[in-house]
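Working through the structure, step by step
So you can see what is in the structure, the chains are spelled out below.
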Amino acid sequence: MPQTLYDKLWDSHVVHVEPDGTALLYIDRHLVHEVTSAQAYEGLRDAHRKPWRIESVVATADHNTPTTDWDEGIAGVRDPFARLQIETLDSNMREFGAKVYFPYLDKRQGIVHVIGPEQGATLPGMTVVCGDSHTSTHGAFACLAHGIGTSEVEHVLATQCLVTKKMKNMRVNVEGALARGVTAKDIVLAIIGRIGTAGGTGHAIEFAGSAIRSLSMEGRMTVCNMAIEGGARAGMVAVDDVTIEYLRGRRFAPKGAEWDRAVAYWRTLQSDPGAKFDREVTLDAREIRPHVTWGTSPEMVATVEDTVPDPDKEKDATRREAMERALQYMGLEPRTPITDIRVDKVFIGSCTNSRIEDLRAAAAVVKGRRVAGNIKQALVVPGSGLVKEQAEREGLDRIFRDAGFEWREPGCSMCLGMNPDRLGAGERCASTSNRNFEGRQGPGGRTHLVSPVMAAAAAIAGHFVDIRRWS
Amino acid sequence: MDKFTVLNGLVTPLDRANVDTDQIIPKQYLASIKRTGFGEGLFADWRKDPGFVLNQPRFKGATILLARKNFGCGSSREHAPWALKDYGFRSVIAPSFADIFFNNSFKNGFLPVVLSETEVERLFHECAAFPGFRLVIDLEQQTVASADGKLVMRFEIDPFRKYCLLNGLDEIGLTLRHADKIREFEARRKAQYPWYF
């Protein structure tokens, strides 16, 4: 019977199945960070258990690490609780071990979903888990990758397996060529706008179609990253030449004859012709415009040509109330043109959009210009130390600094504001991150999700602009 | 893990859809390395509003939260069920849940109950109409019933999850009963695809 990519990944990892379908799924790669692992290691210690296979663990500190004052060492972490989490990860790594650990201040440290692929630690055909919902990112490499909770982190450490049930198959086809200035971020925001924030719940989504094929690995990671914002724990893209070329020569990728064998296997990681999906959605890439979220859920999204919607036109009462609440929180009036929305801060970073391609695209927009007078802060936070190094080799840091951006050390930063990079109450931000929930970037902060080029243009103009008309 | 058998509790209605885990427990409360003490941060931003349901004396001591669809969307933070439980809740009833939150709940003796939109709507009405409205959740029977027994609704749950919850079983211990199978699988995989090891 023809199988989907997800069926293949699932079948190749099932260790045991209970009569009700609950399965033990073998985990190849376990990514660990400082905020969701401490309680898991404590659980192991309390039960006198050892990790099953430390070679599966790749760890880093990224969620709460400061993006300034690295010259001060650990003393630069002013928040005592953040420091405790970072030091706890250090000591857990010393006690339990890992394949590789990139601690705070290491030049290869970075956002866990940036460094996994960058190191070749994420390989096609793997199951990948991490105590972070944006683990779906790794599905760009035809992995079965999804976020788990801390109890599951402990369970995977102790048993190398996840207790789970098979999800349903969903395919999102994006066909056609994207217009200039329209990016992977706009694709995924358009998808979420279409299916809703719970549209993929209970499903693994395969992103397919010519528009997805035309994306770089960075772009595919952006799309898979936000699968969870459409409710799907796992998103994935089949293997092709782009996948293989990205991985060639990476530190933990196989070498020599083993590489050839691996590539031969990886090329089978495709949905078979005629494979059955429980649900299929198709979007026309030519119709996708630059997107901007206006509310407090990623499904509350409009195109840059639109206006802020009017709750009075919404018939469903629960939805209408949610819209009214969102507009009140966001400080927006119905029917305001999106391009009239002025922003206070700009954040370019996060596991969604902090890779070299994102920084190059944003730098091309700001080159030779200055951020607008109403912008209080414009931040660029590279996804990893290696991305930062690469960008500096290309002179991107100069371009950003000359334009009035701050060029920071890597980390999750203002995406979730667990470190000092936050929005103040009422501050409005054009952000390349993934969640516009209330208070996500700081209590009372107002987040508009956009692509890196849209964020960069908003920084220069002081308000949202249609990047397609940028010259 | 704490067992979950029968829960007879006061119900707090939270009339919002898409309640995300950033609201359930805002990031400024995630900085602990323990599993306890998160109740203080539960809905912390919303609790600043004196009119918020959790601030209303009539719902003090509630153990059941009633919510709308897609409860627990967003971040994978298990601090969300930890906070709900630490605050005193043992169960959330909603028409649907986000997958990761749903999973995390079961690991903590905390029961997410899925009822239909219509049933949930009815419960919101009952809560509004009858101060002190209580429900009895019987996991063995898979029922949610009003305290007077006049209203009885059935819910579905995976047999394996039910078994673990009813008995308060340690899932790691259960999995390790299959340790030989895991080792066999691992050896086979390593032979076939050595580059993953």
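To continue, consider the overall build of chain A. Secondary structure summary: chain A contains 15 helices and 19 strands in total. Against the compact-globule benchmark of 23 Å for 471 residues, chain A has a radius of gyration of 21 Å, which places it among compact chains. With respect to the principal axes defined by its C-alpha atoms, chain A has extents near 55 × 55 × 45 Å. Across the 471 residues that make up chain A, the buried fraction comes to 59%. The contacts in chain A between residues at least 6 apart in sequence include a share of 77% that link residues at least 24 apart.

Here we come to the overall build of chain B. A tally of helices and strands in chain B yields eight helices and seven strands. Viewed in the frame of its principal axes, chain B has a C-alpha envelope of about 65 × 40 × 25 Å. The burial tally for chain B puts 44% of its 197 residues in the buried class. For chain B, the share of sequence-separated contacts (at least 6 apart) that also reach a separation of at least 24 residues comes to 71%.

Residues and elements named next belong to chain A. The alternating pattern of strand E4 (residues 57–60) places Val 57 and Ala 59 and Val 58 and Thr 60 on opposite faces, both of which are buried. As paired strands, strand E3 (residues 29–32) and E4 are joined by three bridges and run parallel to one another. If you follow His 30 over to E4, its bridge partner there is Val 57. On the question of chirality, the crossover connecting E3 to the parallel E4 by way of helix H2 (residues 38–46) is right-handed. Inspection of the sheet shows E4 paired to strand E5 (residues 100–102) by three bridges, in the parallel sense. Within the sheet, the bridge partner assigned to Val 58 lies in E5 and is Val 100. As a crossover connection, the stretch from E4 through helix H3 (residues 80–96) into E5 is right-handed.

With that settled, consider the nonpolar core. Ranked by internal contacts, the top residues of the largest apolar core, which has 205 residues, are Val346(A), Met454(A), Ala455(A), Ala458(A), Leu66(B) and Ile93(B). At eight residues, the largest contribution of residues to this core is made by helix H6 (residues 184–195) of chain A. Sequence-distant contacts of Ala455(A), defined by excluding residues within four places in its chain, comprise Val346(A), Ile348(A), Ala362(A), Ala430(A), Ser431(A), Thr432(A) and Val450(A).

With that settled, consider the sheet that holds strand E6 (residues 127–130) of chain A. Residue and element names in this part refer to chain A. Taken in spatial order, the five strands of this open sheet run E5-E4-E3-E6-E7, and their pairing is parallel. On the outer flanks of this sheet lie E5 and strand E7 (144–147), each paired with one strand and no other. Taking the axes of each pair of neighbouring strands and ignoring which way they run, one obtains an average angle of 15° across the sheet.

A separate point is the confidence of the model for chain B. Chain-level statistics for chain B give a pLDDT mean of 96 and a share of 100% at 70 or above. Two numbers describe this predicted complex: its pTM, 0.96, and its ipTM, 0.94.

Next up on the list: the interface of chain B and chain A. At the interface, 48 residues of chain B touch 58 residues of chain A. Of the residues forming the side of chain B that touches chain A, the biggest block, five residues, is contributed by helix H8 (residues 179–192) of chain B. When grouped by side-chain class, the residues that make up the side of chain B that touches chain A number 19 nonpolar, twelve polar and 17 charged.

A few words on the pairing of strand E8 (residues 161–164) of chain A. All names here are of chain A. Burial of E8 is two-sided: the residues Cys 161 and Val 163 facing one way and the residues Leu 162 and Thr 164 facing the other way are all buried. Bridge count between strand E2 (residues 23–26) and E8: four bridges; the pairing is antiparallel. Bridge pairing in E8 links Leu 25 to Leu 162.

Bringing helix H15 (residues 452–461) of chain A into the picture now. Think of an α-helix as 3.6 residues a turn; residues three or four steps apart then line up on the same face. Burial analysis of H15(A) places eight of its ten residues in the buried class, which makes it a mostly covered element. Listing the buried residues of H15(A) in full gives Pro452(A), Val453(A), Met454(A), Ala455(A), Ala456(A), Ala457(A), Ala458(A) and Ala459(A).

Bringing unusual backbone geometry into the picture now. Positive phi outside glycine occurs at His48(A), with the angle close to 55°. With respect to the helices, strands and loops of the structure, His48(A) is situated in the loop between H2 and E4. Of the residues examined, His48(A) has 6 C-beta atoms within 10 Å and is grouped as exposed. Positioned with a positive phi, Asn18(B) is a non-glycine residue whose angle comes to about 55°. Along the chain, Asn18(B) turns up in the loop between strand E1 (6–14) and helix H1 (21–24).

Here we take up the sheet that holds strand E6 (residues 143–146) of chain B. Residues and elements named next belong to chain B. Judged by pairing direction, the sheet is mixed, and its seven strands sit side by side in the order E4-E3-E2-E1-E5-E6-E7 without closing on themselves. Taken across any chain shown, the strands that pair with only one partner, and hence form the sheet edges, are strand E4 (111–114) and strand E7 (152–154). Between one strand axis and the next, the sheet turns by 30° as a mean value, whatever way the strands run. Where strand E5 (residues 134–138) meets E6, four bridges bridge the pair, whose relative direction is antiparallel. Its bridge partner lying in E6, Ile 137 is registered against Val 144.

Below, the discussion takes up the packing of H6(A) against helix H8 (residues 217–225) of chain A. Helix-helix packing is characterised by the crossing angle of the two axes and by the distance between the axes. All names here are of chain A. At their nearest, the axes of H6 and H8 sit 8 Å apart, and the two run at 25° to each other. Our classification of the angle between H6 and H8 gives roughly parallel. As for how H6 packs across H8, the hand of that crossing is right-handed. Of the residues in H8, those in contact with Ala 184, Lys 185, Ile 187 and Val 188 of H6 are Gly 219, Thr 222 and Val 223.

To continue, consider the packing of helix H12 (residues 356–366) of chain A against helix H14 (residues 396–403) of chain A. Residues and elements named next belong to chain A. Two numbers describe how H12 lies on H14: the axes approach to 9 Å, and their chain directions differ by 45°. When the axes of H12 and H14 are compared, the pair comes out oblique. The handedness of the crossing between H12 and H14 is left-handed. Facing Leu 359, Arg 360, Ala 363 and Val 366 of H12, the residues of H14 in contact are Leu 396, Ile 399, Phe 400 and Ala 403. In terms of residue class, the contact of H12 with H14 is made up of seven nonpolar, no polar and one charged.

What follows covers H3(A). Residues and elements named next belong to chain A. An ideal rise of 1.5 Å per residue puts 24 Å on 17 residues; H3 measures up with 24 Å between its terminal C-alpha atoms. Buried within H3 are the following residues: Ala 82, Gln 85, Ile 86, Leu 89, Asn 92 and Met 93. Seen end-on, H3 carries its buried residues on one side only, within an arc spanning 125°. What points out from H3, more than 90 degrees from its buried face, is the exposed set Pro 80, Ser 91, Arg 94 and Glu 95. Looking at the buried positions of H3, the neighbouring elements they touch are H2, E4 and E5. Immediately beyond the C-terminal end of H3, within one or two residues, lies Gly 97, with a positive phi of roughly 85°.

Residue and element names in this part refer to chain A. With respect to the helices, strands and loops of the structure, Cys 429 is situated in strand E18 (residues 428–431). Assessed through the 29 C-beta atoms surrounding it within 10 Å, Cys 429 is described here as buried. Between the C-alpha atom of Cys 429 and that of Ala 232, which follows or precedes it by 197 residues, the distance is 26 Å.

Residue and element names in this part refer to chain B. Within the element layout of this structure, Leu 169 appears in the loop between helix H6 (159–167) and helix H7 (171–176). As a C-alpha pair, Leu 169 and Met 1 span 168 residues in sequence and 6.2 Å in three-dimensional space. What Leu 169 contacts, discounting residues up to four positions off in sequence, is Met 1, Cys 164 and Leu 174.

About the cut-offs
Residues numbered from 1 in each chain as written. Chains lettered and ligands numbered in written order. Predicted model: local features only at pLDDT ≥ 70, side-chain atom pairs only at ≥ 80, totals over all residues. Helix = DSSP H or I, 4+ residues; strand = E, 2+ residues; numbered from the N terminus. Rg over C-alpha atoms; globule rule 2.2 N^0.38 Å. Buried ≥ 20, exposed ≤ 12 C-beta atoms within 10 Å, placed from the backbone. Contact = placed C-beta atoms within 7 Å. Pairing = 2+ DSSP bridges. Right-handed = clockwise from strand over helix to strand, strands pointing away. Core = buried A, V, L, I, M, F, W, Y, C linked by C-beta atoms within 7 Å. Axes fitted to C-alpha atoms, helices over the stretch in contact; angles between N-to-C directions. pLDDT = per-residue confidence, 0-100. Nonpolar A, V, L, I, M, F, W, Y, C, P; charged D, E, K, R; others polar. Parallel < 35°, antiparallel > 145°, perpendicular 65-115°, else oblique. Left-handed = near helix turned anticlockwise from the far one by under 90°. Expected span 1.5 Å × (residues − 1). Arc of directions from axis to C-beta.

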